Amino acid sequence: MTISLKIVVPPHPLIAHWLTVLRSDQTPAPLYATGLEEIGRWLSYEALREWLPYRIEKVCASGCEVEGTVIESNIPLLSITIRPGGLELWQGARKVVPNARISIEGIPKNIERNAGVLVFIDQIASGETLLKILKELEKQEVQPERLRVISAIASSPGLQTIGEAIKELTIYTTCIDAELTEKGSICPGIGDPSLRLRTRIHSSN
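Treat the numbers as computed from the prediction; the structure is a model and nothing was measured.

Caption draft 1: How the structure looks around the state of the cysteines. Per the stated rule, a full pass over the model turns up 0 disulfides. Just so you know, cysteine 175 is unpaired, no disulfide at all, and the nearest cysteine sulfur is the one on cysteine 187, 12 Å from it.

Now the structure itself:
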């Protein structure tokens, strides 16, 4: 693999807990959706830890002047969700970045040149789906330092595909599974989100 990829797997027990929930075949659809939301929230928190632009500003607190940290509001954030599970990841992430603009119908045209871009994808199996999105972002001149990918799980073959095609990228995920099945699914993985979320979608209609 071309080690231009930076893969971050945060060693947090809550992230590991929700990964186990997603892995289990016994997890019902509503709890599966909750698991994706929680992973989206925790991974977004980690992804933004050293990425959000901020400034130091003096404020008055109880009559005393103190320095504080203020997030720069003039830097736009764009969240791109890849269905089906990417939208569930975003449901958790929006609690961390409530002011981010969201795109659920593909990549918008004319992304601001100073915008930070978050891509939410439920899993990186073969890597082809994510690679297509990344190539489209390259065409809009979205530079790697402006981009973060958040995925519930990834496979080694998928990351290799991405690493061979993309010069530089940072991906946040819960785990890297070593293998793909003959059908191209991650093993052991988290199952097929489009099927495992279907019961929840139908029950809400």
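Caption draft 2: Structural detail: the packing of helix α1 (residues 13-23) against helix α2 (residues 29-48). Their axes nearest at 9 Å, the elements α1 and α2 cross at an angle of 150 degrees. When the axis of α1 is compared with that of α2, the two are roughly antiparallel. Crossing angle aside, the handedness with which α1 passes α2 is left-handed. Taking contact as the criterion, the partners of Leu14, Ile15, Trp18, Leu19, Val21 and Leu22 in α1 are, on α2, Leu31, Tyr32, Thr34, Gly35, Leu36, Glu38, Ile39, Trp42 and Leu43. In terms of residue class, the contact of α1 with α2 is made up of 12 nonpolar, 2 polar and 1 charged.

Caption draft 3: Inspection of the layout of surface pockets at higher detail. Counted as a void, the largest pocket has a volume near 430 Å³. If you go around the largest pocket, you meet 17 residues; those closest to its centre are Leu52, Ile71, Leu77, Val96 and Val97.

Caption draft 4: Spatial organisation of the side chain of aspartate 122. The residue aspartate 122 is located in strand β6 (residues 116-124) in this model. Of the side chains with opposite charge, arginine 83 lies nearest to the buried aspartate 122, which makes no salt bridge, at 10 Å. Among residues more than four places away in sequence, those in contact with aspartate 122 are Ile82, Arg83, Pro84, Gly85, Gly86, Leu89, Ser151, Ala152, Ile153, Ile190 and Pro193.

Caption draft 5: Seen up close, the pattern of salt bridges. Scanning the entire structure with this criterion turns up 8 salt bridges. Among the ionic pairs, aspartate 177 bridges to arginine 23, the shortest N-O distance being 3.0 Å. Of this pair, aspartate 177 sits in strand β9 (residues 176-177) while arginine 23 sits in helix α1, and the two are 154 residues apart along the sequence. The exposure class assigned to aspartate 177 is buried, which follows from its relative accessible area of 5%. Measuring nitrogen to oxygen at the nearest pair gives 2.7 Å for the salt bridge that ties arginine 41 to glutamate 38. Placement of both arginine 41 and glutamate 38 in helix α2 is noted, with a separation of 3 residues, approximately one turn of the helix. Take arginine 41: its relative accessible area is 27%, and that puts it in the partly exposed class. Residue glutamate 38 is classed as buried on the basis of its relative accessible area, which comes to 14%.

Caption draft 6: Inspection of the pairing of β6 at higher detail. Counting buried positions over the 9 residues of β6 gives 9, a clear majority of the element. Bridge count between strand β4 (residues 77-82) and β6: 6 bridges; the pairing is parallel. By the bridge assignment, leucine 78 is partnered in β6 with valine 117. Sheet topology note: the β6/strand β7 (residues 147-155) ladder contains 7 bridges and is parallel.

Criteria and thresholds
Residues numbered from 1 in each chain as written. Predicted model: local features only at pLDDT ≥ 70, side-chain atom pairs only at ≥ 80, totals over all residues. Heavy atoms only, no water. Disulfide = S-S within 2.5 Å. Axes fitted to C-alpha atoms, helices over the stretch in contact; angles between N-to-C directions. Helix = DSSP H or I, 4+ residues; strand = E, 2+ residues; numbered from the N terminus. Parallel < 35°, antiparallel > 145°, perpendicular 65-115°, else oblique. Left-handed = near helix turned anticlockwise from the far one by under 90°. Contact = heavy atoms within 4.5 Å. Nonpolar A, V, L, I, M, F, W, Y, C, P; charged D, E, K, R; others polar. 1 Å grid on protein atoms, 1.4 Å probe; cavity = no way out; pocket = protein on both sides within 12 Å on 5 of 7 lines; lining within 4 Å. Points joined across faces, edges and corners; volume = space filled by probe spheres on them. Buried < 20%, exposed > 50% of the residue type's maximum accessible area, 1.4 Å probe, protein only. Lys, Arg positive; Asp, Glu negative; His and termini not counted. Salt bridge = Lys/Arg side-chain N within 4 Å of Asp/Glu carboxyl O. Pairing = 2+ DSSP bridges.

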